[in-house]
Amino acid sequence: HVLGVSYWDLIQVGFMFMVGVAMPYSFASRRAKGHAEGKLILHAAWRALLLILLGVFLQTRNNLETSNLFTNVLTQIGLGYFLIYFLLGRKYKTQLIAGIAVLIAYWALQISWPVPDPLPPKAATSIETLSTPDAVSKHFAQGTNVGADFDRWLLNLFPRKKEFTENGGGYVTLNFIPSAITMLMGVMAGQLLLRGGRTDREKLRALLVSGAICMAIAVVASFTICPAIKKIWTPGWTLYSGAWLLWVLATFYFVVDMVGWKKWAWPFVIVGLNPLAAYMMSMLFKRWIED
């Protein structure tokens, strides 16, 4: 329950991480073209709003009533994107302090949130495999955590035929808070690769060591104070998944940039240059356009 991870577990996380990696390159390019700071802020705000709206559209399609209005990956990216913009280009120390502060504050909110005693059967079952002590685990149970309670308040503010009670998959809107730190980890990695002053070996070592530190903290936390749960994006999951992604990025950096083995990657370059279009096509072609 600690060391394993599936490819599927890292899809959404990888998407958000790579948004962060791309941000230093994207905004450096815009600054090089002479875009003023005010224009860059407006661009970041517009992109964030567009991502939120596209995510909501994908969740609702032709049915305006939905049970997971703000949990689509695009919406989650959009909710955190504008905030992360203001940490872009800051010193690593500033970014690190901000990231740690957000994760600790969100963990404190999760662990202090009152939960039913005893837990409903479904909630109790959802935490049976956790390695954290029972007194800790109960605050991360499906359907009774702070994120689930927040959605019961938020989503019932919208017109509905019946009251919203729970997201069937366990996902929550508040995931955008810790997942924004996933994007911030990507921003820090992107800045590392973009900036000069370090050799390729030093950059590779920094990615590998950073991943090892995140993994070590996540594993210790998963046995003590914070389990790694993707569906509610616990701070433990942020560090755990972030470690895998830092190592994956390090691997590709070594293969493509250091070894120079590039030709095999051109299909991924095409998709990587058009990720939003590719994602929208994959979501819409499956049923909506087909129907």
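Worth saying up front: this structure is predicted, and the values here are computed from it rather than measured.

Conventions we followed
- Residue indices begin from 1 for each chain and proceed along its sequence in written order.
- Only residues with pLDDT of at least 70 are given local features in this predicted model, and only at 80 or more are side-chain atom pairs given and counted; all residues enter the totals for whole chains, interfaces and linings.
- The basis for every side-chain value is the complete set of heavy atoms in the structure, and neither hydrogens nor water enter the calculation.
- We count a stretch as a helix when DSSP gives it H or I for four or more residues in a row; a strand needs E for two or more, and each element gets its number in order from the N terminus.
- Atoms counted for the radius of gyration: C-alpha only. Globule rule: 2.2 Å times the number of residues to the power 0.38.
- Only protein chains enter the accessibility calculation, which uses a 1.4 Å probe. A residue is then buried if its area is under 20% of the maximum for its type, exposed if over 50%, and partly exposed in between.
- Contacts are residue-level and defined by heavy atoms, with any inter-residue pair within 4.5 Å sufficient.
- Centres within 6.5 Å are what make two rings of Phe, Tyr or Trp a pair, Trp counting through its six-membered ring; a difference in plane orientation under 30 degrees is then read as stacked, over 60 as edge-to-face, and the rest as tilted.
- Geometrically, a charge over a ring is one whose NZ (Lys) or CZ (Arg) sits within 6 Å of the ring centre while staying within 35 degrees of the ring normal.

Draft legend 1. Quick look at the overall build of the protein. When helices and strands are tallied, the protein shows 12 helices and 0 strands. For the protein, the N- to C-terminal ordering of α and β elements is α-α-α-α-α-α-α-α-α-α-α-α. Its C-alpha atoms give the protein a radius of gyration of 20 Å, near enough to 19 Å, the size a compact globule of 291 residues would have. Oriented by its inertia axes, the alpha-carbon framework of the protein measures out at about 55 × 45 × 40 Å. The burial tally for the protein puts 43% of its 291 residues in the buried class. Within the protein, counting contacts between residues at least 6 apart in sequence, those at least 24 apart form 75% of the total.

Draft legend 2. Fine view of the packing of aromatic side chains. Under the defined criterion, the tally for this structure stands at 11 aromatic pairs. Relative to Tyr240, the ring of Trp237 lies with its centre 6.0 Å away and its plane at 45 degrees, an arrangement referred to as tilted. Linking Trp237 with Tyr240, this pair stays in helix α10 (residues 235-258), spanning 3 residues, or about one helical turn. You can call Trp237 buried: its relative accessible area is 4%. An angle of 80 degrees between the planes, with centres 5.9 Å apart, marks the rings of Trp244 and Trp247 as edge-to-face. Placement of both Trp244 and Trp247 in helix α10 is noted, with a separation of 3 residues, approximately one turn of the helix. The partly exposed category is assigned to Trp244, whose relative accessible area is 26%. One aromatic cluster is present, built from ring pairs that chain together Phe27, Phe82, Tyr85 and Phe86. Directly above the ring of Tyr92 sits Arg195, whose terminal nitrogen or CZ lies 5.2 Å from the centroid.

Any link to function would need more than the numbers given here.
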